[in-house]
Protein chains: 8
Amino acid sequence: MNKKELEKLLVDVKNGETGIDEGIKMLSELPYKDLGYATIDNHREIRNGYPEVIYCAGKTVDQVRGIAEYMITRNNNILATRATKEMYEALLEVCPQAKYNELGRVITVQVRPVEETESYIAIVAAGTSDLPVVEEAYETARILGNKVEKVTDVGVAGIHRLMARMDFIRNAKVIVVVAGMEGALASVVGGLVDKPVIAVPTSVGYGASFGGLSALLTMLNSCASGISVVNIDNGFGAAYNASIINKL
Amino acid sequence: MNKKELEKLLVDVKNGETGIDEGIKMLSELPYKDLGYATIDNHREIRNGYPEVIYCAGKTVDQVRGIAEYMITRNNNILATRATKEMYEALLEVCPQAKYNELGRVITVQVRPVEETESYIAIVAAGTSDLPVVEEAYETARILGNKVEKVTDVGVAGIHRLMARMDFIRNAKVIVVVAGMEGALASVVGGLVDKPVIAVPTSVGYGASFGGLSALLTMLNSCASGISVVNIDNGFGAAYNASIINKL
Amino acid sequence: MNKKELEKLLVDVKNGETGIDEGIKMLSELPYKDLGYATIDNHREIRNGYPEVIYCAGKTVDQVRGIAEYMITRNNNILATRATKEMYEALLEVCPQAKYNELGRVITVQVRPVEETESYIAIVAAGTSDLPVVEEAYETARILGNKVEKVTDVGVAGIHRLMARMDFIRNAKVIVVVAGMEGALASVVGGLVDKPVIAVPTSVGYGASFGGLSALLTMLNSCASGISVVNIDNGFGAAYNASIINKL
Amino acid sequence: MNKKELEKLLVDVKNGETGIDEGIKMLSELPYKDLGYATIDNHREIRNGYPEVIYCAGKTVDQVRGIAEYMITRNNNILATRATKEMYEALLEVCPQAKYNELGRVITVQVRPVEETESYIAIVAAGTSDLPVVEEAYETARILGNKVEKVTDVGVAGIHRLMARMDFIRNAKVIVVVAGMEGALASVVGGLVDKPVIAVPTSVGYGASFGGLSALLTMLNSCASGISVVNIDNGFGAAYNASIINKL
Amino acid sequence: MNKKELEKLLVDVKNGETGIDEGIKMLSELPYKDLGYATIDNHREIRNGYPEVIYCAGKTVDQVRGIAEYMITRNNNILATRATKEMYEALLEVCPQAKYNELGRVITVQVRPVEETESYIAIVAAGTSDLPVVEEAYETARILGNKVEKVTDVGVAGIHRLMARMDFIRNAKVIVVVAGMEGALASVVGGLVDKPVIAVPTSVGYGASFGGLSALLTMLNSCASGISVVNIDNGFGAAYNASIINKL
Amino acid sequence: MNKKELEKLLVDVKNGETGIDEGIKMLSELPYKDLGYATIDNHREIRNGYPEVIYCAGKTVDQVRGIAEYMITRNNNILATRATKEMYEALLEVCPQAKYNELGRVITVQVRPVEETESYIAIVAAGTSDLPVVEEAYETARILGNKVEKVTDVGVAGIHRLMARMDFIRNAKVIVVVAGMEGALASVVGGLVDKPVIAVPTSVGYGASFGGLSALLTMLNSCASGISVVNIDNGFGAAYNASIINKL
Amino acid sequence: MNKKELEKLLVDVKNGETGIDEGIKMLSELPYKDLGYATIDNHREIRNGYPEVIYCAGKTVDQVRGIAEYMITRNNNILATRATKEMYEALLEVCPQAKYNELGRVITVQVRPVEETESYIAIVAAGTSDLPVVEEAYETARILGNKVEKVTDVGVAGIHRLMARMDFIRNAKVIVVVAGMEGALASVVGGLVDKPVIAVPTSVGYGASFGGLSALLTMLNSCASGISVVNIDNGFGAAYNASIINKL
Amino acid sequence: MNKKELEKLLVDVKNGETGIDEGIKMLSELPYKDLGYATIDNHREIRNGYPEVIYCAGKTVDQVRGIAEYMITRNNNILATRATKEMYEALLEVCPQAKYNELGRVITVQVRPVEETESYIAIVAAGTSDLPVVEEAYETARILGNKVEKVTDVGVAGIHRLMARMDFIRNAKVIVVVAGMEGALASVVGGLVDKPVIAVPTSVGYGASFGGLSALLTMLNSCASGISVVNIDNGFGAAYNASIINKL
């Protein structure tokens with residue numbers, strides 16, 4: 001029930017077309033639906049250029065294509081994460097302008113222009129094995145309308161390479177740090193900047209990295225103060241977060 | 001080596017008072033110290049109203065008092081977290097304007113005025129047992145110069161209490177969500193707002209809450225998109241983060 | 001906003017005392033509060049004999065007494081779990097009819113009669129060390145108006161003692177099984193009855209019981225089909241659950 | 001030894017055809033077998049419409065077909081969970097009326113009519129990836145003779161969609177909540193109803209969901225009171241439980 | 001129902017004093033009770049010199065004294081593990097012949113002679129900090145009637161001290177190995193003997209020993225073939241096990 | 001250095017053919033090698049009918065065949081565990097009398113007769129999915145010369161089936177209990193017998209069984225006293241252990 | 001900025017070709033880059049015979065070949081760990097002198113001679129399944145210029161085989177111990193030598209070895225004093241460490 | 001059996017005072033004891049200035065004093081770790097030259113001079129809360145005869161403070177890095193030096209530091225190559241290791 005419908009209901013009550021009792025019944029339940037749709041509008045839909053997001057893991061190729069087909073009818077941009085190449089090829093049939101970032105396993109469909117921010121998000125990554133997560137974050141931030149800069153292969157084992165890029169990193173409005181193995185990069189960057197740092201642990205590593213647990217714990221326990229953390233390999237979430245902050 | 005000292009060194013080199021070789025030696029190592037101090041200035045010290053922070057856990061009463069005594073000579077505000085009442089009483093001797101938030105275990109010493117932001121940080125908490133973490137976050141955000149509003153006892157088991165406060169929460173610039181036990185509050189709030197949400201799991205709970213692990217995992221796995229997470233019970237870190245964002 | 005207030009609002013709109021716009025504003029937000037309170041009424045309060053519940057862990061003696069004092073003014077029964085003896089003594093001052101089950105750490109205040117069910121809940125426990133959880137469950141189920149029977153010290157290491165009591169257990173409408181250490185009792189009972197079994201792992205044990213984790217995993221993995229599980233040591237939750245089922 | 005055989009034994013003793021000593025020996029051991037079979041009759045077999053259940057995981061196609069072939073001779077309904085398509089095709093050869101729910105990996109064979117309950121079980125699920133567990137629960141509840149209603153895609157990140165369905169959910173006699181990732185749905189539903197809620201954590205998620213551990217802990221630690229939990233992805237167990245309660 | 005009572009029942013049936021129907025009812029349930037008591041007799045009681053065992057952890061001083069007082073009336077030996085000195089002193093009042101092994105936290109009451117085995121159990125321990133568990137095992141094995149030999153302070157970091165004692169260890173009928181920290185002693189001993197080895201991990205250690213988890217995992221993963229494991233610090237269980245084997 | 005060589009050395013010293021100093025050097029190191037070989041003889045080799053054991057996991061088909069070829073030259077029986085069918089077929093080429101237990105993944109080669117014990121080992125298993133571990137244990141115990149009896153499908157969810165077989169189980173000299181999921185069978189059996197019980201947790205299960213961890217913890221925490229535990233799925237180890245005890 | 005460039009800058013400042021302000025700007029940032037490159041030279045590159053290292057896990061065949069092609073232009077030796085045979089074959093095309101250790105999954109390319117140390121590193125391993133890690137360590141230590149000796153199949157279950165090799169092990173300058181399952185070998189070796197011992201836990205094992213966690217904890221908790229530990233299966237890291245020590 | 005006794009035995013054999021058979025028997029067992037003692041001499045005792053080490057945790061004051069009293073009679077230096085002040089005071093009675101490092105909980109007794117190395121061990125620590133571990137390492141390294149330098153409060157959150165000290169750290173022969181919380185310091189230092197780095201995780205932290213687990217995993221997963229790790233808070237082990245390397 002949007003504002004218009006709510007107005008109509010009250011007018012009907014005033015005019016006696018809807019009885020008091022009936023009005024009570026409708027109002028005590030319906031507002032959830034209305035506000036619900038309204039919230040979905042604000043959050044998940046895209047009057048303002050936000051893409052519709054499909055999390056493809058655990059979905060079939062047919063399901064992904066079906067969801068995308070419906071979305072296209074609403075003339076919105078689409079972001080599909082954790083997408084296989086097969087999904088991309090299925091999407092191409094219904095949506096020729098779809099693009100695929102193979103490393104980041106991300107499909108983007110841009111049917112409406114996105115206004116780019118002036119300030120930029122810096123995505124800083126430790127090693128080349130972290131690139132899939134970097135690319136997921138990059139594509140997410142891009143289609144959400146952000147200027148994005150990548151600074152990669154600056155792991156803490158070669159701290160000077162990082163130092164050489166710090167000025168550039170410091171000038172970002174918000175920083176996403178992507179690192180696996182011991183994940184120490186977040187602490188070092190966090191200690192050198194006064195900007196919000198969103199840390200993404202990756203599952204890169206072996207043995208006692210326990211699928212990213214090591215990097216996750218490192219980042220949660222960081223002695224640097226401006227760091228918050230998202231789930232392991234969650235490049236999408238970090239970029240979504242960074243985008244909200246970048247647009248404040 | 002600050003800018004002044006660096007300038008002096010170059011002048012000395014130009015004048016021949018310092019030889020080329022000697023200059024090389026000094027410059028190839030010293031800048032670390034200088035930039036180091038400069039970084040500390042920007043990050044940890046407080047020309048701009050930032051307090052000096054003492055993390056009291058694992059320190060003795062004497063150590064805490066000693067550090068504070070030194071800080072007072074620099075005429076800075078002080079924030080001491082995880083502080084016992086005994087530490088507070090020791091501080092009072094050297095620093096009569098110290099105040100103690102017993103619930104939040106936080107000592108604050110404000111010797112210089114702090115300019116308050118216009119936008120506010122909302123601290124939203126699930127239950128009354130989460131209040132110590134709320135208070136730590138509150139005091140941190142306050143002395144960092146933020147307007148802060150607390151919305152407490154709105155756990156998801158009584159979702160309507162939360163709903164009734166959502167407009168107020170939505171108007172904050174950044175939201176800190178504090179919850180223990182199952183920690184579901186972060187997901188619900190995250191789904192209703194389009195502002196950055198910093199989630200703080202607390203160690204409130206028993207049995208399979210495993211000292212806050214349950215709430216931590218809940219928050220990391222949130223299906224709502226704009227959420228990032230800090231360490232268990234880390235009210236300070238959440239507020240520090242929120243303050244950076246609130247001042248962007 | 002309860003039904004009466006909602007009715008008044010609609011009447012006011014009809015009469016023109018409240019404008020359409022104002023009505024829209026009130027209705028789009030207030031219903032949460034009203035339904036919220038209504039939900040709390042239905043769920044947590046006690047027109048129908050439900051007690052008000054105070055979870056005392058992490059609360060001070062003063063807080064517990066304060067909450068109880070307020071509750072007493074509403075003329076409701078009270079159930080306070082995880083309560084210390086000190087809390088009980090503080091309650092006695094403001095509420096002389098309070099009773100304390102020391103083993104179960106439960107305070108009950110019965111100011112209104114509770115109608116007892118005809119069907120009974122059986123609380124079956126493995127060992128004497130599980131009795132505190134048994135007592136918490138017992139007091140909870142009692143003040144919620146259930147007939148309750150305890151069958152204790154029937155751990156699986158002496159299966160025949162259990163067998164001798166099975167007829168009695170089978171005649172319950174719902175069964176709560178309380179066990180620590182390896183927690184196998186739930187599976188054995190679950191295999192012998194066709195009633196809902198709510199299993200409560202306890203933290204009784206040492207070494208590789210890891211604070212109740214062993215019993216918890218046992219119960220979750222039970223090969224018997226009618227078993228569901230609550231948190232470690234959560235006698236309250238099991239009894240609350242059992243009470244809902246017992247009253248269906 | 002069924003009742004008939006027991007009667008015959010006592011008659012034989014009375015008549016002297018079986019000596020006292022021999023009777024002692026037979027009775028001190030045999031009853032286990034008899035009561036054992038009797039228990040299996042009551043619990044696992046199906047005079048009253050219960051299906052025979054085959055848990056197919058870890059069984060070969062031949063084993064599953066063999067067990068089913070035997071069951072069919074007893075003219076009972078069959079429920080086979082965690083079944084592959086290959087198993088279904090093998091069953092079809094010996095049992096043409098078998099049906100396969102591919103999403104739920106469930107085979108059902110209904111040879112005898114099942115009387116449907118009037119009250120219904122509501123299966124409420126957070127996301128589309130949870131559907132396999134929903135379908136396992138659905139088929140289980142159906143063949144056990146329950147009316148079942150599914151309410152899907154109502155995750156807490158879009159709380160209003162859930163709110164719009166709450167009346168329908170509240171009218172169920174028992175509610176099964178299926179959710180992965182952070183699993184917060186159980187707490188929210190549990191706070192809005194006064195019916196037994198059986199929560200099923202799913203292994204949906206990645207990274208720090210640790211194969212469903214995150215959702216499991218969330219549900220065990222729920223601050224809502226009427227919730228109990230079954231094993232990760234255990235749609236069968238939840239529905240079996242719900243069926244027992246629905247038929248009370 | 002013991003044999004006598006069973007005989008009486010059959011006689012009554014034969015004589016017509018008990019009807020067939022009534023006999024069926026009694027027999028289909030009562031045997032559990034009878035065999036149950038009989039099993040308890042065989043297992044937990046002590047016609048054959050077995051002590052009655054009290055596990056004192058989680059019991060009050062009064063409970064322990066109460067149980068012991070009852071036991072004494074049955075003229076049996078008593079073994080109380082995890083007993084505090086306070087419990088011992090309380091026991092002394094009702095049972096002057098009680099003895100206390102302070103290191104092992106074990107009370108023994110020997111009122112009837114115990115026949116000692118000829119073969120011996122060797123208890124082999126790594127370090128002096130493992131002695132409490134050694135003593136618990138020692139007292140248990142002793143009162144169960146075993147000859148026992150202790151070989152202590154032979155940790156693998158000084159392998160030659162162990163080697164020097166191997167002949168003695170090899171001559172035992174069964175070997176209990178007690179070790180904390182890395183728990184490697186079990187593997188080394190297991191590789192040098194052809195006797196059953198029962199390994200007891202202890203909670204001795206710090207940091208990554210995680211309360212005995214390290215030693216537990218070591219022992220479970222031993223590459224030596226004749227080793228089985230009991231719970232962390234479970235000296236009683238190891239000795240009970242060893243006693244059963246020693247008496248085969 | 002075997003006894004002969006040792007004798008020769010001493011004779012040489014006596015005769016002066018080996019100098020005192022040289023003797024010291026040889027003796028202070030060489031005995032390790034000699035006793036080492038001797039121990040291997042006693043433990044791992046098979047003068048007394050013990051098979052040579054090959055743990056095939058992590059070995060290539062060629063490695064397994066190579067080791068077996070060598071062993072055959074020593075005219076010993078062979079037991080190869082965790083063996084694939086491909087390994088078996090490769091072995092057949094060099095060793096036509098090899099037999100393969102496909103369910104248990106065990107190859108046995110019996111070239112010398114094994115004397116069978118009179119007493120028997122009972123292998124008791126909960127469900128049909130546990131059979132691979134049962135078979136590994138069975139083949140191991142058989143080729144080690146034990147009489148073995150299997151009692152399967154007696155899980156605790158149908159306790160009466162177990163009860164009906166208890167007399168048979170009680171008459172074994174040592175009992176191996178194999179169970180996955182919640183692993184409660186070990187406790188129930190342990191409470192009913194006075195024989196050594198070796199419990200084998202299996203990885204059968206899903207979700208919160210965590211690959212056998214649940215059953216492992218259950219067995220370690222058993223409240224029954226005569227139980228010891230081996231590694232998850234370690235049928236070989238349990239049978240090896242049982243064999244040592246069975247032959248005492 | 002290397003020394004030459006730094007000298008040029010200071011000369012320019014002295015000559016006035018570079019202004020004081022400009023010099024400050026360059027110096028306050030550039031040194032990071034220069035020292036950075038210099039550090040990389042010292043650490044990762046190979047003026048002194050160190051190979052360039054490629055960690056192949058998570059890289060594509062094309063990426064590995066691309067990196068190697070670039071490295072070859074710098075005329076350095078190459079060490080590629082965790083390399084597949086496919087990667088090796090791709091490398092062969094651009095680098096015919098490449099060699100592949102299939103067991104250790106290591107590619108080495110030696111284009112420049114490496115001077116071998118006189119002292120040797122002993123790599124001591126428990127079982128044949130640990131050989132892949134042994135080989136990774138061996139190839140790493142070799143191309144780093146170390147004399148290396150392997151002592152394999154000396155697990156603690158057959159302690160005498162180890163004893164027979166101890167003199168040889170003791171004479172190494174540094175010892176790498178490789179062991180899976182219970183990992184006890186490190187403690188035994190550590191107790192017998194006075195040389196640095198670097199312990200490598202391997203993922204060899206099953207069940208409660210939890211992918212190497214068991215061996216890792218064992219080694220971290222070793223009661224022998226001279227042991228330090230690297231990540232599970234990290235043969236490269238152990239050998240790199242050992243090489244640094246061997247060349248001190 | 002030391003060399004003298006061994007020589008005597010061989011002389012006796014030569015002279016016929018000891019028969020060949022008797023010699024065989026003595027030699028086949030006794031060498032263990034002898035070599036055992038010899039090994040202890042080399043490893044744990046101190047002809048060469050090594051102290052005797054007492055690990056006090058889990059020992060009583062009396063036990064510690066007793067062990068020390070015995071050691072003093074052998075005229076050796078003593079190192080007692082994890083010692084309480086009460087233990088120190090007890091030691092003072094029997095050993096007036098004892099000294100106590102309260103922060104490090106270490107007692108040292110130096111009765112014989114220790115020759116100091118020329119090269120030094122650098123102990124580098126992240127924060128002030130890590131100092132107890134630093135002091136344990138410091139005292140250990142000192143009494144083992146090493147020159148030691150401490151570099152403290154150089155955590156990665158303020159990387160420039162560390163950079164300013166790097167030259168000093170690089171000149172050490174071996175480096176001990178002590179850090180809690182996220183433990184990232186080890187990776188950063190490891191990337192900047194070409195010396196062996198021994199990393200000590202500490203239990204400093206809260207919440208998701210899980211008693212030092214976070215720092216431990218960080219260090220094990222370090223992407224820097226020359227790092228090995230000891231147990232959490234094991235300052236003694238790190239220093240012992242460093243001492244062996246420093247003296248190579």
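As annotated in an unreviewed UniProt entry, chain A carries the name PurE domain-containing protein and is attributed to Alkalibacter saccharofermentans DSM 14828.

## Some details on the overall build of chain A
A count of helical and extended segments in chain A gives nine helices and nine strands. A burial count over chain A gives 62% of its 248 residues as buried. Residue pairs in contact within chain A that sit at least 24 positions apart in sequence constitute 67% of those at least 6 positions apart. With an accessible surface of roughly 9,000 Å², chain A has 49% of that area assigned to carbon and sulfur atoms.

## Comments concerning the state of the cysteines
All names here are of chain C. If you walk through the whole model with that rule in mind, you get zero disulfides over all chains. Of all cysteine sulfurs, the one in Cys 56 lies closest to Cys 95, which takes part in no disulfide; the gap is 12 Å. By relative accessible area, Cys 95 is classed as buried at 1%.

## Quick word on the packing of helix α5 (residues 131-143) of chain D against helix α9 (residues 235-246) of chain D
Helix-helix packing: each pair is described by the crossing angle between the helix axes and the interaxial distance. All names here are of chain D. The N-to-C vectors of α5 and α9 enclose an angle of 35°; their axes lie 7 Å apart at closest approach. In the packing of α5 onto α9, the handedness of the crossing is right-handed. The segment α5 lies against α9, with Val 133, Glu 136, Ala 137, Thr 140 and Ala 141 engaging Gly 235, Phe 236, Ala 239 and Tyr 240. Among the residues forming the contact of α5 with α9, the class breakdown is six nonpolar, two polar and one charged.

## Quick notes on the packing of aromatic side chains
Evaluated as defined, the whole model comprises 32 aromatic pairs over all chains. An angle of 35° between the planes, with centres 6.0 Å apart, marks the rings of Tyr 206 of chain B and Tyr 55 of chain C as tilted. With one member in each of two chains, Tyr 206 of chain B in the loop between β8 (197-201) and α8 (213-220) and Tyr 55 of chain C in strand β1 (residues 52-55) form a pair that bridges those chains. Its relative accessible area of 23% is what places Tyr 55 of chain C among the partly exposed residues. Judged by centre distance (5.1 Å) and plane angle (15°), the ring pair of Tyr 88 of chain H and Tyr 100 of chain H falls under stacked. Remark: Tyr 100 of chain H occurs in strand β3 (residues 99-101) and Tyr 88 of chain H occurs in helix α4 (residues 85-94); sequence separation between them is twelve residues. Of the two residues, Tyr 88 of chain H and Tyr 100 of chain H, neither departs from the other in class, the shared state being buried. Over the ring of Tyr 206 of chain H we find Arg 82 of chain B, and its NZ or CZ is 4.3 Å from the ring centre.

## A few points about the interface of chain A and chain B
Tallying the contact residues gives 33 residues for chain A and 32 residues for chain B. Between chain A and chain B, roughly 2,700 Å² of surface is buried when both sides are summed, and carbon and sulfur atoms account for 55% of that area. At the boundary of chain A and chain B, one finds zero salt bridges. Summed over the shared surface of chain A and chain B, the result is six residue pairs in polar contact (both at pLDDT 80 or more). Listed by contribution, the elements that provide at least two residues to the side of chain A that touches chain B are α2 (20-43), α7 (185-192), α8 (213-220), β9 (227-229) and α9 (235-246) of chain A. By residue number, the principal contributor to the side of chain A that touches chain B is α9 of chain A, which donates six residues. A breakdown of the residues in the side of chain A that touches chain B according to their chemical character gives 16 nonpolar, 13 polar and four charged.

## Quick word on the relation of the copies chain A and chain B
Between chain A and chain B, the superposition needs a rotation of 179° and an axial shift of 0.0 Å, giving an RMSD of 0.2 Å. The transformation relating the two chain copies, once decomposed into turn and shift, fits a two-fold axis. Same-surface contact between copies: 97% of interface residues of chain A are shared with the interface of chain B.

## Regarding the domain arrangement of chain A
How big an interface is tends to be stated in terms of the accessible area lost upon association of its parts. All names here are of chain A. Its domain assignment divides chain A into domain 1 (31-109) and domain 2 (120-246). For domain 1 versus domain 2, the separation of C-alpha centres amounts to 25 Å. The interface is formed by 17 residues belonging to domain 1 together with twelve residues belonging to domain 2. Summed over both partners, the interface of domain 1 with domain 2 buries about 1,200 Å², with 64% contributed by carbon and sulfur atoms.

## What to know about the UniProt feature "domain: PurE" (unreviewed entry) in chain A
In the numbering adopted here, UniProt assigns the feature "domain: PurE" (unreviewed entry) to residues 119-248 of chain A. The distance from the first to the last C-alpha atom of residues 119-248 of chain A is 11 Å, and the span holds 41% helix and 19% strand.

## Focus on unusual backbone geometry
Its identity as a non-glycine residue notwithstanding, Asp 153 of chain E has a phi of 60°, on the positive side. Here Asp 153 of chain E is to be found in the loop between β6 (147-151) and α6 (159-170).

## Overview of helix α4 (residues 85-94) of chain D
All names here are of chain D. For α4, the complete set of buried residues consists of Met 87, Tyr 88, Ala 90 and Leu 91. One face of α4 carries all of its buried residues, which in axial projection span an arc of 165°. Among the exposed residues of α4, those oriented more than 90 degrees off its buried face are Glu 86 and Glu 93.

## Let's talk about the packing of helix α3 (residues 61-73) of chain F against helix α4 (residues 85-94) of chain F
Residue and element names in this part refer to chain F. Contact geometry for α3 and α4: axes closest at 9 Å, N-to-C directions at 35°. Once α3 is placed against α4, the crossing between them reads as right-handed. Here α3 contributes Val 61, Val 64, Arg 65, Ala 68, Glu 69 and Ile 72 to the contact with α4, which in turn contributes Glu 86, Met 87, Ala 90, Leu 91, Glu 93 and Val 94. A breakdown of the residues in the contact of α3 with α4 according to their chemical character gives eight nonpolar, no polar and four charged.

## Examining the pattern of salt bridges
Applying the stated criterion across every chain, the model contains 64 salt bridges over all chains. Note that Glu 135 of chain B is salt-bridged to Lys 150 of chain B, the shortest N-O span being 2.8 Å. Taken as a pair, Glu 135 of chain B in helix α5 (residues 131-143) and Lys 150 of chain B in strand β6 (residues 147-151) lie far apart in primary sequence, 15 residues in all. Owing to a relative accessible area of 11%, Glu 135 of chain B belongs among the buried residues under this scheme. Measuring nitrogen to oxygen at the nearest pair gives 4.0 Å for the salt bridge that ties Glu 102 of chain D to Lys 85 of chain D. Here Glu 102 of chain D, found in the loop between β3 (99-101) and β4 (106-109), pairs with Lys 85 of chain D, found in helix α4; they are 17 residues apart in sequence, far enough to count as distant. By relative accessible area, Lys 85 of chain D is classed as partly exposed at 42%. Several salt bridges share partner residues, and in doing so they unite Asp 62, Arg 65 and Glu 93 of chain A into one network.

## Some thoughts on the side chain of Asp 12 of chain C
All names here are of chain C. Mapped onto the secondary structure, Asp 12 falls in helix α1 (residues 3-15). Relative accessible area serves as the criterion here: at 12%, Asp 12 is assigned to the buried category. If near-sequence neighbours (up to four positions away) are discounted, Asp 12 is found in contact with Glu 17 and Thr 18.

## Structural notes on the pairing of β8 of chain B
The side chains of a regular strand alternate, first on one face of the sheet and then on the other. Residue and element names in this part refer to chain B. Burial runs high along β8: five of the five residues are buried. Alternating positions in β8 separate into two faces, Val 197, Ala 199 and Pro 201 on one and Ile 198 and Val 200 on the other, with burial throughout. Across five bridges, the pairing between strand β7 (residues 174-179) and β8 is parallel. When the bridges of β8 are listed, Val 178 appears paired with Val 200.

Parameters at a glance
- Residues numbered from 1 in each chain as written.
- Chains lettered and ligands numbered in written order.
- Predicted model: local features only at pLDDT ≥ 70, side-chain atom pairs only at ≥ 80, totals over all residues.
- Heavy atoms only, no water.
- Helix = DSSP H or I, 4+ residues; strand = E, 2+ residues; numbered from the N terminus.
- Buried < 20%, exposed > 50% of the residue type's maximum accessible area, 1.4 Å probe, protein only.
- Contact = heavy atoms within 4.5 Å.
- Areas by Shrake-Rupley, 256 points an atom, 1.4 Å probe, with all protein chains shown as cover.
- Disulfide = S-S within 2.5 Å.
- Axes fitted to C-alpha atoms, helices over the stretch in contact; angles between N-to-C directions.
- Left-handed = near helix turned anticlockwise from the far one by under 90°.
- Nonpolar A, V, L, I, M, F, W, Y, C, P; charged D, E, K, R; others polar.
- Phe/Tyr/Trp six-rings, centres within 6.5 Å; stacked < 30°, edge-to-face > 60°.
- Lys NZ or Arg CZ within 6 Å of the ring centre and 35° of its normal.
- Buried area = accessible area lost by both parts, 1.4 Å probe.
- Salt bridge = Lys/Arg side-chain N within 4 Å of Asp/Glu carboxyl O.
- Polar contact = N/O pair within 3.5 Å; in protein donor to acceptor, adjacent residues only side chain to side chain.
- Least-squares fit on C-alpha atoms with pLDDT ≥ 70 in both.
- Domains from an automatic or database assignment.
- UniProt positions renumbered as here; feature names shortened; annotations may be inferred.
- Arc of directions from axis to C-beta.
- Pairing = 2+ DSSP bridges.

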